[in-house]
Each structure stands twice: as structure tokens, then as C-alpha cells.
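Residue strings, one per chain:
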Amino acid sequence: MRRTYISLLLLLLLGGIFLVLGAHAGSLRIALLDSAEVRGDAIVLADLLPKDAPRFIREVAEKISLGTAPQNGTSRRLSRSAVLAAVMANGLPESAFEIPDIMTVQRAAHLVTRGEAFAAIQKALAKSKGSALPDFQLEDISLNAVPLPDRASQLEVTEIAFDEFIGRARFRLWSKSAPGVHPFYITARLPFRPAAIPSSSIQAFSAGFIASSPTLPVVSPVLVEAGRTARLHLHSSNSNILLEVKPLQRGRLGEIIRVRLPGSGKTLQARVVEGGDLDAGF
């Protein structure tokens, strides 16, 4: 009750200030930003205020909701009419602000770093009774750009595997602090191939993470698009060739897709590897 009273008092005070200033010094108008970033789950008028806005105005604007924040990695457009309606619904005069026709609001985010991923992997390996993988370093980690909300990521490993074809360990991670973001994959170059370690050992090692992980749809990012030129590493025991080819299918890390060779028009199968390249032996 006391809180409501204080909020109403602030609104009345703000309205009174605008009226007084409007009568004696012309209208006080605060220009709202036409683009802004938000860190919470809701957009409030304060998110659109310039940094030099008076503190008492900001305190009131923080209580005026403009709807939900956009999803991670996306933006939301607010119209002048929608913002003006929220301003007036909360008792502020129309003349208080200069409102752009369109305002774009983005969700503040950061890209997962190799350091974050490496720390999560090391933590997961330390919890296991015995790691089936040889030691590797931070510089051995490879990952694509994965945006997460601008807060502590709380990354957890949910699956570990070894890909014989590319000679890399593969890890599936997800962010505990952003459960709405799909799990993603990263790989690590190993100092040597764990050929002496049976695949059943790694599968058992990975099973503990899968059993304890949440049931989420696992969707690794598309690295190769159909019809968009990609680089193919075509190799044998005696030769290595790099070609520009046209994939005939979309492909994610580790998937085998059909590609068309330049010139001859022949098709063959190739595996999608880190960075969106393709690999095939002959």
C-alpha cells in the first residue's frame, strides 16, 4: 500500500513539474532513443531514456511497461502510438517526450567464448570417475558464434563423444541460465586419437551426462546451405584437393550430404566439418 502511494506521489510530482515548466519555460521534452538494448524480460520506458535524463523521471519511467523483451538474438519494434498510449495511460502529459515514429529494442547478448566452454568441459570431466579423453588445451577448442543473454551463462556439458572421422572430441552444451536457447555443439582437437580406448568407454562416459541433462530438443546449427558454395577437402592417401562445390542439401556438423562437383556436374557424398567445410575421401 505504501509503495502504491509513493508511486502515485511520484507521478503527481512529475506531472506537476511538467506543468510548471511548460507554463514558465516552454515545454520540457525528453527525446526518447530510437534504438536501445534491454537486459531483463520486460521493456520499460526507462530503457528508451537518454543517459542524461533526470533521475526523478527515470524512476517513474522504470514503472511504465512497454511489453515483453524480444527473444535472444532478435529485436522488437515499438511504434510511436504504442509508446504514447503507455505514457498517457500512466498519467504523464503527451508533451513530456519526443517520441520517434519507430523504436527498435534488442535483447542484450554476448557470444559464448572458448574460455567459458573450456571451463564447463573441464568441470564436467573433473566430476567423472575417469576421463576417456586425452588432455587438450584452450586453444584446441573450436566453436561457432552462439549468442546467449547478457548474464552469467552457467554452461553445462550434456553429452561427450569422439568423432573418428574428424579426429575430434565433440561436446554438447546448454546454458542453465537460458533454457530457451537450444543446446549447441563445440569440438576440441585432441593431441592424439584415443584409438586404444573402446567406443563403449566413451559412450558410458557420456551416458552419465545424458541421463542427468534436461529433455530438450537438440538442434546443432546449420553450417552448410543448399545451393550456397562451400569448400570441399577431397583427399586420398596420395593427394589432397580443395574444391569449390555446390551442396545439394543443408548440413549440420557431422552430417553426410550430397554435393555437386564443378565442371563435371557429378555428385558425391561429403561430411560437414567444423567451420562449414566439407570432407570426402576417394
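Treat the numbers as computed from the prediction; the structure is a model and nothing was measured. (Residues numbered from 1 in each chain as written. Predicted model: local features only at pLDDT ≥ 70, side-chain atom pairs only at ≥ 80, totals over all residues. Heavy atoms only, no water.)

### Notes on the confidence of the model for the chain
So, step 1. In this model, the chain carries an average pLDDT of 76, and 73% of its residues clear a pLDDT of 70 or more.
So, step 2. Note on residues 1-13: pLDDT is under 50 here. Beyond four places in sequence and across chains, it has six contacts.
So, step 3. Note on residues 16-26: pLDDT under 50 across the span, and eight contacts to partners over four residues away in sequence or across chains. (pLDDT = per-residue confidence, 0-100. Contact = heavy atoms within 4.5 Å.)

### So, the sheet that holds strand β2 (residues 35-38)
So, step 1. Pairing is mixed across the open sheet formed by three strands, whose spatial order is β2-β7-β5. The open sheet is flanked by β2 and β5 (75-79), the only strands paired with a single partner. Each adjacent strand pair in this sheet contributes to an overall mean axis angle of 25°, direction not counted.
So, step 2. Across four bridges, the pairing between β2 and strand β7 (residues 102-107) is parallel. For E37, the partnering residue across the bridge sits in β7 and is Q106.
So, step 3. Against the sheet, helix α3 (residues 80-89) contacts β5 and β7, and its axis sits at roughly 70° relative to β5. (Pairing = 2+ DSSP bridges. Helix = DSSP H or I, 4+ residues; strand = E, 2+ residues; numbered from the N terminus. Axes fitted to C-alpha atoms, helices over the stretch in contact; angles between N-to-C directions.)

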